[in-house]
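# Descriptive structure summary
Here are the chains, one letter per residue:
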Amino acid sequence: LASQVFTIMSATADERQVNQTLKSLKKYLRDKKLKGYHLNTDFKKEEHGLGRAFSFVYGDKENGAFFNHMVVMFAYALYKRELTDEAWEVLSSIYNMAIDTAKSRIYPCIPEYFNLEGRGMYSYLTGSASWFLLTILTQAFGVRGKDGDLLIEPKLSVEQFKRSSTLSIERVFAGRRLQIKFFNPEKVGYARYKIIKASLNSRNLLLKYPDRVIIKRKILLGLPGARTHTLVITLGSKKE
């Protein structure tokens, strides 16, 4: 999985190659029962020349487990290439395995990896949770900094709006607490929507791009620091 992730993330693979890679990953590495992605296929024998990982029983640790750190990076890479539905499916696979406590046998969290039975292993030895949150915040919701300014570039899938037409997150940027709401009345996905309106504390913002909103840092610094400020991003269908 790692070799595929880094070629996708680095843009070494072109669009055609990425699509071929995804087909191969779903065929060879996606588990039909648990719906997660293995690190590698089963080599059926120990391969000491490839390092210590291939001396583990298949499905444990680096030999074919559902290794969450790399799975999250897989989702991050897909978001970078604007494959948002596929990215959300990958992130959801971790979530679904974690909350299936009958199999995971852990309190809901993101462990280092899941074994072949779906059991979560090493709950306190993982960087996957922080990478998961980073990916959700900066890629799915698209809220991040750019040259000191606030950039909002949402890459949200239809599935995320399944229960509600509004999604909301909070974060602190430039010392100001912001509540950012994404309103999608038509419940359209990333490939079909554009930003049709944006407002800060009920005041409309000038839209320069169809897929992102940039708010200058000096504007945020001019807001009172003792309250929560509301940003509303309205999404609508692109015209054919």
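Each remark here, short or long, concerns the structure printed above.
Reading the values: the criteria
Residues numbered from 1 in each chain as written. Predicted model: local features only at pLDDT ≥ 70, side-chain atom pairs only at ≥ 80, totals over all residues. Heavy atoms only, no water. Axes fitted to C-alpha atoms, helices over the stretch in contact; angles between N-to-C directions. Helix = DSSP H or I, 4+ residues; strand = E, 2+ residues; numbered from the N terminus. Parallel < 35°, antiparallel > 145°, perpendicular 65-115°, else oblique. Contact = heavy atoms within 4.5 Å. Nonpolar A, V, L, I, M, F, W, Y, C, P; charged D, E, K, R; others polar. Salt bridge = Lys/Arg side-chain N within 4 Å of Asp/Glu carboxyl O. Buried < 20%, exposed > 50% of the residue type's maximum accessible area, 1.4 Å probe, protein only. Pairing = 2+ DSSP bridges. Core = buried A, V, L, I, M, F, W, Y, C linked by side-chain atoms within 4.5 Å. Phe/Tyr/Trp six-rings, centres within 6.5 Å; stacked < 30°, edge-to-face > 60°. Lys NZ or Arg CZ within 6 Å of the ring centre and 35° of its normal.

The next subject is the packing of helix α3 (residues 68-80) against helix α6 (residues 128-140). Packing of α3 against α6 leaves a shortest axis separation of 9 Å and a crossing angle of 10 degrees. With respect to each other, α3 and α6 are oriented roughly parallel. On α6, the residues that touch Asn68, His69, Val72, Tyr76, Tyr79 and Lys80 of α3 are Ser128, Trp131, Phe132, Thr135, Thr138, Gln139 and Ala140. Counted by class, the contact of α3 with α6 contains 6 nonpolar, 6 polar and 1 charged residues.

A full pass over the atoms with the stated rule returns 9 salt bridges. One salt bridge in this structure joins Lys216 and Asp149, with 3.4 Å as the shortest N-O distance. Linking Lys216 in the loop between β10 (213-215) and α7 (217-221) with Asp149 in strand β5 (residues 149-152), this pair joins segments that are 67 residues apart in sequence. We classify Asp149 as buried; its relative accessible area is 13%. Of the charged contacts, one joins Glu170 and Arg177 as a salt bridge, the two residues approaching to 3.7 Å between their closest N and O atoms. Taking relative accessible area as the criterion, Glu170 reaches 47% and is therefore assigned partly exposed. One salt-bridge network, held together by shared partners, links Arg144, Glu153, Asp211 and Arg212.

Before going further, it helps to examine unusual backbone geometry. With phi around 70 degrees, Lys44 is a residue other than glycine that occupies positive phi space. Assignment of secondary structure puts Lys44 in the loop between α2 (15-28) and β1 (66-67). On the basis of relative accessible area, Lys44 is assigned to the exposed category, the value being 71%. Of note, Glu82 is a non-glycine position whose phi angle comes to about 65 degrees, a positive value. Given the relative accessible area of 44%, Glu82 is considered partly exposed.

So, about the sheet that holds β1. Overall, antiparallel pairing links the 3 strands, which are arranged β1-β2-β3 in an open sheet. Each edge of the open sheet is held by one strand with a lone partner, namely β1 and β3 (120-121). In terms of strand pairing, strand β2 (residues 113-114) meets β3 through 2 bridges, oriented antiparallel. Bridge pairing in β3 places Phe114 opposite Gly120.

Grouped together as the largest cluster of nonpolar side chains are 62 residues, with contacts concentrated most on Leu1, Phe74, Leu150, Ile152, Ile180 and Ile233. Here this core gets 9 residues from one element, more than from any other, and that element is α3. With residues up to four places along the chain from it excluded, the contact list for Ile180 reads Val143, Ile152, Leu167, Ser168, Ile169, Leu231 and Ile233.

Under the criterion given, the structure shown has 5 aromatic pairs. For the pair Tyr190 and Tyr193, a centre-to-centre distance of 5.8 Å together with 90 degrees between the ring planes defines the contact as edge-to-face. Taken as a pair, Tyr190 and Tyr193 share a single burial class, namely buried. Among the aromatic residues, those joined into a cluster by ring pairs are Phe67, Tyr113 and Tyr122. The ring of Tyr209 has Arg212 lying over it, and the distance from NZ or CZ to the ring centre is 5.6 Å.

Geometric values such as these leave the question of function open.
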